[in-house]
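# Examining the three-dimensional arrangement
The chain contents come next:
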Amino acid sequence: MSAAINWFWFASPQTFFPLAGRIARACWVLAALLALAGLYVGFFVAPTDAQQGEAYRIIFIHVPAAWMSMFLYVVMALWAALGLAFNTRLSSMMASAIAPTGALFTFLALWTGALWGRPTWGAYWVWDARLTSELILLFLYLGFMALQAAIDDPRRADRAGALLAIVGVVNVPIIYYSVVWWNTLHQGASVSLTRAPSMAATMLAGMLLMVLAFWLYSIAASLTRLRCIIRERE
Amino acid sequence: MIAAARCILRRDLLLALRRRGDVATALLFFVIVASLFPLGVGAEPEQLRAIAPGVIWVAALLSSLLSLARLFADDHADGTLEQMLLGAAPLGVIVAAKLLAHWLVAGLPLVAIAPLLALQYGLPAPLYGTLALSLLLGTPVLSLIGAIGAALTLGLRGGGVLLALLVLPLYVPVLVFGAGSLDMAAAGLAPQGQLQLLAALLVVSAAFAPWAIAAALRISTE
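Given the structure is predicted, the values throughout are model-derived calculations rather than measurements. (Residues numbered from 1 in each chain as written. Chains lettered and ligands numbered in written order. Predicted model: local features only at pLDDT ≥ 70, side-chain atom pairs only at ≥ 80, totals over all residues.)

Scanning chain B for helices and strands turns up 10 helices and zero strands. Counting from the amino terminus, helix and strand elements in chain B follow one another as α-α-α-α-α-α-α-α-α-α. At 18 Å, chain B has a C-alpha radius of gyration in line with the 17 Å of a compact globule built from 222 residues. Its C-alpha atoms give chain B principal-axis dimensions of roughly 55 × 30 × 30 Å. A buried classification covers 46% of the 222 residues belonging to chain B. (Helix = DSSP H or I, 4+ residues; strand = E, 2+ residues; numbered from the N terminus. Rg over C-alpha atoms; globule rule 2.2 N^0.38 Å. Buried ≥ 20, exposed ≤ 12 C-beta atoms within 10 Å, placed from the backbone.)

Across its full length, chain A carries seven helices and zero strands. A buried classification covers 42% of the 234 residues belonging to chain A.

Right, let's talk about the environment of Glu222 of chain B for a bit. Secondary-structure assignment places Glu222 of chain B in the segment after helix 10 (192-221). Sequence-wise, Glu222 of chain B and Gly87 of chain B are 135 residues apart; in three dimensions their C-alpha atoms are separated by 15 Å.

With that settled, consider the interface of chain A and chain B. With 22 residues of chain A at the contact, the number on the chain B side is 21 residues. Within the residue set of the side of chain A that touches chain B, elements represented by two or more residues are helix 5 (129-150) and helix 6 (154-186) of chain A. The residue inventory of the side of chain A that touches chain B, partitioned by class, reads 17 nonpolar, three polar and two charged. (Contact = placed C-beta atoms within 7 Å. Nonpolar A, V, L, I, M, F, W, Y, C, P; charged D, E, K, R; others polar.)

The next point concerns the nonpolar core. Residues Met76 and Leu163 of chain A together with Ala147, Ile148, Ala151, Ile213 and Ala216 of chain B are the most contacted members of the largest nonpolar core, which totals 140 residues. With residues near it in sequence (within four places) discarded, Leu163 of chain A still touches Leu152, Ala212, Ala215, Ala216 and Ile219 of chain B. (Core = buried A, V, L, I, M, F, W, Y, C linked by C-beta atoms within 7 Å.)

Here we take up the environment of Leu131 of chain B. Inspection of the secondary structure puts Leu131 of chain B in helix 7 (residues 127-152). With 24 C-beta atoms packed within 10 Å, Leu131 of chain B lands in the buried category.

Once that is clear, we can look at the confidence of the model for chain A. All names here are of chain A. Summary statistics for chain A give a mean pLDDT of 84 and a share of 89% for residues scoring 70 or more. Of all the helices and strands in chain A, helix 1 (residues 2-9) carries the lowest mean pLDDT, 58, while helix 3 (residues 59-86) carries the highest, 91. Every residue in residues 187-193 is under pLDDT 50, and counting partners more than four places away or in other chains gives five contacts. (pLDDT = per-residue confidence, 0-100.)

Here we come to helix 10 of chain B. End to end, helix 10 of chain B covers 42 Å across 30 residues, agreeing with the expected 44 Å (1.5 Å per residue, within 8%). Of all the bends found along helix 10 of chain B, the most pronounced is centred on Phe208 of chain B and spans about 35°, while Pro210 of chain B, a proline, follows it within four residues. (Expected span 1.5 Å × (residues − 1). Bend = angle between axes of the 7 residues up to and from the residue.)

On to the packing of helix 4 (residues 89-121) of chain A against helix 7 (residues 201-233) of chain A, then. All names here are of chain A. Two numbers describe how helix 4 lies on helix 7: the axes approach to 8 Å, and their chain directions differ by 130°. Here helix 4 is positioned oblique relative to helix 7, judged by the angle of their axes. The handedness of the crossing between helix 4 and helix 7 is right-handed. Of helix 7, the residues touching helix 4 (which contributes Met93, Met94, Ser96, Ala97, Ile98, Pro100 and Thr101) are Ser218, Ala221, Ser222, Arg225, Leu226, Ile229 and Ile230. Along the lines of polarity and charge, the residues of the contact of helix 4 with helix 7 split into nine nonpolar, four polar and one charged. (Axes fitted to C-alpha atoms, helices over the stretch in contact; angles between N-to-C directions. Parallel < 35°, antiparallel > 145°, perpendicular 65-115°, else oblique. Left-handed = near helix turned anticlockwise from the far one by under 90°.)

This next bit is on the confidence of the model for chain B. Per-chain confidence: chain B averages 89 in pLDDT, with 100% of residues scoring 70 or above. Both confidence scores are given for the complex: pTM 0.87, ipTM 0.86.

Residue and element names in this part refer to chain A. It is at 9 Å that the axes of helix 3 and helix 7 come closest, and there the two elements cross at 45°. The orientation of helix 3 with respect to helix 7, classified from their angle, is oblique. Judged by the sense of rotation from one axis to the other, the crossing of helix 3 with helix 7 is right-handed. On the side of helix 3, the interface is formed by Ile59, Phe60, Ile61, Val63, Pro64, Ala65, Trp67, Met68 and Leu72, while helix 7 contributes Gly206, Met207, Met210, Val211, Phe214 and Ser218. Within the contact of helix 3 with helix 7, the residues separate by chemical class into 13 nonpolar, two polar and no charged.

Next up on the list: the environment of Ala114 of chain B. All names here are of chain B. With respect to the helices and strands, Ala114 occurs in helix 6 (residues 91-120). Sequence separation of Ala114 and Leu62 is 52 residues, and the distance between their C-alpha atoms is 14 Å. What Ala114 contacts, discounting residues up to four positions off in sequence, is Ile56, Leu131, Ala132 and Leu135.

Positioned with a positive phi, Asn87 of chain A is a non-glycine residue whose angle comes to about 60°. Its place among the elements puts Asn87 of chain A in the loop between helix 3 and helix 4.

Here it is in structure tokens:
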């Protein structure tokens, strides 16, 4: 019973505010350390790829960013839905705090993908299913943020954003599969995103380090933004 | 409940009949957008035939956006919407009736006029059936999904542009399956698979969208 009471204790913005600061500080430090370690492994330890040369090293940023972009949308929708269902202010604030970080990672994934595609495929952009669905994901994030920005009343902004995020999260798989089918319908598999199946252990280690760093960065950035939102509203 | 739905349907159709200009504007927009593409990309018949499905469908998407912006705005302005929210009839049913009326005046005319555009683009005659059927299945989905956005952006500044930003990404599956069915038919394949997927989208959105729209209206008007 005491555990349950503790959880609800931190559901209030006022009591969560100092805790968020402590968690955010720890996460900033850990994220920086892990990113340094990950980048070191990625750029100096991991071997050069046999097929793609040095250009492949962008995956140390690209793959974790792409994972986080999709994962953060689901997390955002979850917080938004919690806020809508239980009418807790903190959950809705959490959703609006996550959105810019998610949009940032989506943009980063597209950007690094373009930089990787130029030397590897010979084009910055191809209408591949994954690229297209990532682009639409960016539009969904931007729509969520634009809707919240357009509404002056924070309570209405929270609830409207929550509904949009839930509709979006239901649609994401439908959009993804429609784009996959569209792609296979229009053109053959001229470009495949699947890389060499075997990956050197150091490559994997570097990538996992970067994934952890991005996770911690997301937590730190979201909580820092959450503190700003709490200050602004309460 | 049925009586309320019938009443709303009658009222909205009557209102649309009294203001025929609104209906004609969206329809004209559809025709103009589709007519601009040949001026931009050149008039080679082969090329026009290749881009026709996409152009007609994108024009339908944009035209549906244009008419959706007005869907709840007038009722919101004159207080009718508040009465609907307070009334005894379930809001989801009222919304469904409003959407049916909206589709009858904004979606069905697109289906009717699409063969004219197909003629402009030199699509072969056997494709007209597929075009009409895909629009018949797809345009109600556009109304259903778009109305969620229309309800969320009700009374906001810059609502029209915001509506486009919210709704267009969600329209992607309809565009893909709608234009895809025409591409299949043009390539001599059976378009049934794509049309069935469109029908599935229609069933799912018809089941869930009215309740999401009702929730969005409650959020926007409280």
